[in-house]
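For reference, the chains in residue letters:
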Amino acid sequence: MTHAVEANFDGLVGPTHNYAGLSFGNVASTQNSAQLSSPKQAALQGLAKMKALHDMGMLQGVLAPQERPDIHTLRRLGFSGSDADVLAQAARQAPRVLAACCSASSMWTANAATVSPSADTVDGRVHFTPANLTNKFHRSIEHKVTGNILRATFADSQYFAHHDALPGVEHFGDEGAANHTRFCHEYGNQGVEFFVFGRYAFDGCKPAPTVFPARHTYEASEAVARLHGLDPDHVVYAQQNPAVIDQGVFHNDVIAVGNRQVLFCHEQAFLNQAEVINQLSRKMDDQFQVIQVPTSDVSVDDAVRSYLFNSQLLSVGDETHLVIPEECRNNAAVWRYLQQLESGPAPISKLHVFDLKQSMSNGGGPACLRLRVVLNSAEQQACNQNTLMSEALYSRLTTWVKQHYRDQLSEADLADPQLLNESRTALDELTQILKLGSVYPFQQV
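Because the structure is predicted, anything quoted here is derived from the model rather than measured.

**Student:** Outline the pairing of strand 11 (residues 289–293), listing residues and values.
**Tutor:** For a regular strand, side chains alternate in direction, first toward one face of the sheet and then toward the other. Pairing geometry for strand 10 (residues 262–266) and strand 11, over 5 bridges, is parallel. Counterpart to Val-262 in the pairing with strand 11 is Gln-289. At this point the chain moves from strand 10, through helix 10 (residues 273–283), to the parallel strand 11, and the crossover so formed is right-handed.

Laid out in structure tokens, this is it:
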């Protein structure tokens, strides 16, 4: 066995963090539309979580945000002239398109890509496939720069393999690691990769939700498994329960989370749930623990509102810890269940509560903010060391945020040319801090 650890690479919240209500099917995003946001507070809350996990002994990394406003995409849509002209035209003629091109949703790096560790892949490298996120326009424009950032973070081709996003059509809708979990006995051993999807794109007779869209397809999951060279005997596919998608469970990480030999999920998470769990248990050599939360203890509505399952399961020494948002403590049913869980015989032994209100108000909790990357010792050395959290990096990024980010932002502010200048100045400095090179379009002209 090769020793390996699971690193969490969190997305830095971008300077244009705002509440435009762009994500139909995401209850929090829709409900908080048009509220004032605080980009500075959001970024500092995210950094505080990163630093706390680093202090717990976890390997913690940082992924840079996207360039926003996305002038390049606005020009592709027919707006012209100077950058200021482009913003003014878009604000006047298509304000919702402008809002979409200003989204800071790349902060939720659980959607950035699907990652397979070297222990699972046929060529023994870590594989990355950026998610095409075709179901939402504001997210579908991310994957090219996401790929640039991942390549700059994991650059050594001896250890890392990077794929292009799947074709950008609904048949191959791919939402990344928000619908992907890896189970294993030890991180350095070959694991079982668990792909969760919302619908079958090429078979209309199969079950599917009727109220909210199923963003991720079975065909996309199969394609990523092929690209990564995974052994079919170590892969399990499962369909989300369409009924819970229609209740606001837009990704699997809103209803289930897993780590090593533990699956923590709601009893309504999957279609044919008993068979899904049996498959996982068999492929994990029957050394598998499942915590199924009954509806009688926590309703699907309470799970969605509190983001109970959009949590991080962490291996800390011999213990399993759970990182949850403050909203879980504020929900009576959820908090009562968690108190019983922490004091009972279940494998989760400690809770860590974080204030992530800025992210939560836009529909993303602790698990949304991180991309998990299993790395052995050689791969850790081969990745960009400037992106790994440390006392010095935390201090520098905190200073950077306070210098460049606004305290408040409204949707009307998105047309301000000065916001574009502020964002580009901040990101140009960030690429120097993280030693990423020229990953943004404005740096490549």
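Now that the structure has been shown, the text picks up again.
**Student:** Before we move on, can you summarise the pairing of strand 13 (residues 319–325) with the specific residues and values?
**Tutor:** Counting buried residues in strand 13 gives 6 out of 7 residues, a clear majority hidden from the surface. As paired elements, strand 12 (residues 312–316) and strand 13 share 5 bridges and run antiparallel to each other. Across the sheet, the residue bridging to Gln-312 is Val-323, located in strand 13. If you look at the hairpin formed by strand 12 and strand 13, you'll find 2 residues sitting between the two strands, and Gly-317 has a positive phi there, around 65 degrees. Bridge count for strand 13 against strand 14 (residues 348–354) is 6 bridges, and the pairing is parallel. Counterpart to Thr-320 in the pairing with strand 14 is Ile-348.

**Student:** Tell me about the packing of helix 2 (residues 39–55) against helix 16 (residues 391–404), and please be specific about residues and values.
**Tutor:** Interaxial distance between helix 2 and helix 16 falls to 10 Å at its minimum, and their mutual angle equals 175 degrees. Here helix 2 lies roughly antiparallel to helix 16, going by the angle between them. Residues Lys-40, Ala-43, Leu-44, Leu-47, Ala-48, Lys-51, His-54 and Asp-55 of helix 2 touch helix 16, and the partners they reach there are Glu-391, Tyr-394, Leu-397, Thr-398, Val-401 and Lys-402.

**Student:** Before we move on, could you go through the layout of surface pockets and cite the residues and values that matter?
**Tutor:** What the largest pocket holds in volume is close to 350 Å³. At 4 residues, the largest contribution of residues to the lining of the largest pocket is made by helix 7 (residues 143–153).

**Student:** So what's going on with the pattern of salt bridges? Which residues, and what values?
**Tutor:** It is possible for side chains bearing opposite charge to pair when their charged atoms get close. Considering all chains together, one arrives at 21 salt bridges under this definition. Across the pair Arg-182 and Asp-120 runs a salt bridge whose closest N-O atoms are separated by 2.7 Å. Placement of the pair is Arg-182 in strand 6 (residues 180–183) and Asp-120 in the loop between strand 3 (113–116) and strand 4 (126–130), with a sequence separation of 62 residues. As far as burial versus exposure is concerned, Arg-182 and Asp-120 are alike and both buried. For Glu-275, the salt bridge is made with Arg-282, and the minimal N-O distance between the two is 3.6 Å. Here the salt bridges do not stand alone but share partners, grouping Glu-67, Arg-75, Asp-83 and Arg-424 into one network.

**Student:** Which residues make up the packing of aromatic side chains, and what values go with them?
**Tutor:** Enumeration according to the criterion identifies 17 aromatic pairs in this entry. Seen in terms of ring centroids, Tyr-159 and Phe-160 are 6.4 Å apart; in terms of plane orientation they differ by 55 degrees. Their pairing is tilted. Under the relative-accessibility criterion, Tyr-159 is labelled partly exposed at 23%. Ring plane angle 45 degrees and centroid distance 6.0 Å describe the contact between Phe-183 and Phe-194, whose orientation is recorded as tilted.

Thresholds applied
- Residues numbered from 1 in each chain as written.
- Predicted model: local features only at pLDDT ≥ 70, side-chain atom pairs only at ≥ 80, totals over all residues.
- Heavy atoms only, no water.
- Pairing = 2+ DSSP bridges.
- Helix = DSSP H or I, 4+ residues; strand = E, 2+ residues; numbered from the N terminus.
- Right-handed = clockwise from strand over helix to strand, strands pointing away.
- Buried < 20%, exposed > 50% of the residue type's maximum accessible area, 1.4 Å probe, protein only.
- Axes fitted to C-alpha atoms, helices over the stretch in contact; angles between N-to-C directions.
- Parallel < 35°, antiparallel > 145°, perpendicular 65-115°, else oblique.
- Contact = heavy atoms within 4.5 Å.
- 1 Å grid on protein atoms, 1.4 Å probe; cavity = no way out; pocket = protein on both sides within 12 Å on 5 of 7 lines; lining within 4 Å.
- Points joined across faces, edges and corners; volume = space filled by probe spheres on them.
- Salt bridge = Lys/Arg side-chain N within 4 Å of Asp/Glu carboxyl O.
- Phe/Tyr/Trp six-rings, centres within 6.5 Å; stacked < 30°, edge-to-face > 60°.

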